Amino acid sequence: INTIGVLTSGGDAPGMNAAIRAVVRTAISKGMNVKGIQRGYAGLLNEEIVDMNSRSVSEIIQRGGTILYTARCEEFRTEEGQARGAEMCRKHGIDGLVVIGGDGSYRGAGKLAEHGINTVGLPGTIDLDIACTDYTIGFDTAVNTAMEAIDKIRDTSTSHERCSIIEVMGRNAGYIALWCGIANGAEDILLPERYDCNEQTIINHIIEHRKNGKKHHIIINAEGIGHSTSMAKRIEAATGIETRASILGYMQRGGMPSCKDRVYASIMGAKAVELLAEGKSNRVVGWRGGEFVDYDLYEALAMQKDICEEEYAI
Ligand code: F6P
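Residues numbered from 1 in each chain as written. Predicted model: local features only at pLDDT ≥ 70, side-chain atom pairs only at ≥ 80, totals over all residues. Heavy atoms only, no water.

1. Section: the side chain of R253
Logical step 1: Its place among the elements puts R253 in the loop between β9 (243–247) and α9 (259–277).
Logical step 2: A distance of 2.8 Å separates a polar atom in the side chain of R253 from a polar atom in the side chain of D12.
Logical step 3: Not counting the four nearest positions on each side in its chain, R253 is found in contact with G11, D12, A13, P14, R72, I126 and M169. (Helix = DSSP H or I, 4+ residues; strand = E, 2+ residues; numbered from the N terminus. Polar contact = N/O pair within 3.5 Å; in protein donor to acceptor, adjacent residues only side chain to side chain. Contact = heavy atoms within 4.5 Å.)

In structure tokens, the structure reads:
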């Protein structure tokens, strides 16, 4: 490999910058050139491609977001877009590409590999919803951010003796909700993977807790279930207990990455370059069974994981 390209794609995640930094510096240490592709696959198609050196990634390990910007790109879902993406790589001399993103971004990387560009995917998403790995870049920071926010909501919820529904991100996956639910000692955790839409169970739970002297009732609701505001109204009407909804939103995606996200993202970034240097392609890096591993991209996409077995991942 002569020139490595690196891009971030999909929702940003704290720790992406640490991964970019590790890719750039590992590649340079191996005598390769590095090009940063801005705005994900959209930037690849628009030739938003910049040369990177060691200094391009100074002072970024502690910063949230992604210095390369990110985007979701409809055009890259088409065969024509994918062929043009590979052409752009060739035009700019990029013969190895590191894609940092979620499942959708992996699919794009697979298509580029089919067109002859060596690709490696790194799991970058706060959602932890990539089956081949028990760790994704950004999840640790996001759950810590959400956990701190929920602690604050609990203070005011207790003072007012209210019920609070707090909605956390995660798209269709409940990992952020599950981890916050445990870390914040929530009374109820609603996971899209398990939710049976039976609000009566929750209502009974709240009434029972109140009878037992509890001053608050914290419900962590996952984005994949949603409807927190209307749920709060229904719960208040049924229980007579003041109920408020808080949707944490994008604050969960920002901020200074945690130590774990910086370190794991750095190791994964270096590993991606090592795989490319060994001539490997169509691989994705993960964390499984206490070690960093890599899988064939399509095998990884076909894997499934069960949130109910999450204890094994912890
Ligand atoms: O994948 C990360 C994530 O923040 C999800 O939790 C959420 O569903 C989605 O991205 C929001 O995406 P957008 O930034 O396009 O609104």
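2. Things to note about helix α4 (residues 103–114)
Logical step 1: If you check α4, its first and last C-alpha atoms are 17 Å apart, about what 12 residues at 1.5 Å a residue would give, namely 16 Å.
Logical step 2: Within the sequence span of α4, burial applies to S105, Y106, G108, A109, G110, L112 and A113.
Logical step 3: Where α4 is buried, its residues contact α2 (40–45), α3 (79–91), β4 (96–101), β5 (118–123), β10 (283–288) and α10 (297–302).
Logical step 4: Where α4 ends, the next residue or the one after it, G116, has phi of about 95 degrees, a positive value. (Expected span 1.5 Å × (residues − 1). Buried < 20%, exposed > 50% of the residue type's maximum accessible area, 1.4 Å probe, protein only.)

3. Considering the site of the ligand
Logical step 1: Around the ligand lies a shell formed by R72, T125, I126, D127, M169, G170, R171, E223, Y250 and R253.
Logical step 2: Measuring from an oxygen atom of the ligand, one finds a side-chain N or O atom of D127 at 2.7 Å.
Logical step 3: In the complex, 78% of the free accessible area of the ligand, which totals 400 Å², lies under the protein chains.
Logical step 4: Looking at the shell around the ligand residue by residue, the classes come out as three nonpolar, two polar and five charged. (Near = heavy atom within 4 Å. Areas by Shrake-Rupley, 256 points an atom, 1.4 Å probe, with all protein chains shown as cover. Nonpolar A, V, L, I, M, F, W, Y, C, P; charged D, E, K, R; others polar.)

4. Considering the confidence of the model for the protein chain
Logical step 1: Mean pLDDT over the protein chain stands at 96; residues scoring 70 or higher make up 98%.
Logical step 2: Overall fold confidence for the complex sits at a pTM of 0.96, while the interface term, ipTM, reaches 0.98. (pLDDT = per-residue confidence, 0-100.)

5. Things to note about the packing of aromatic side chains
Aromatic rings considered in pairs are described by the distance between their centres and by the relative angle of their planes.
Logical step 1: Following the criterion strictly, the structure yields six aromatic pairs and no others.
Logical step 2: Following the ring pairs from residue to residue traces out a cluster consisting of Y135, Y264, W287 and F292.
Logical step 3: Lying over the aromatic face of Y69, R39 brings its terminal NZ or CZ to 4.7 Å of the ring centre.
Logical step 4: In this structure, K305 packs its charged tip against the face of Y175, placed 4.7 Å from the ring centre. (Phe/Tyr/Trp six-rings, centres within 6.5 Å; stacked < 30°, edge-to-face > 60°. Lys NZ or Arg CZ within 6 Å of the ring centre and 35° of its normal.)

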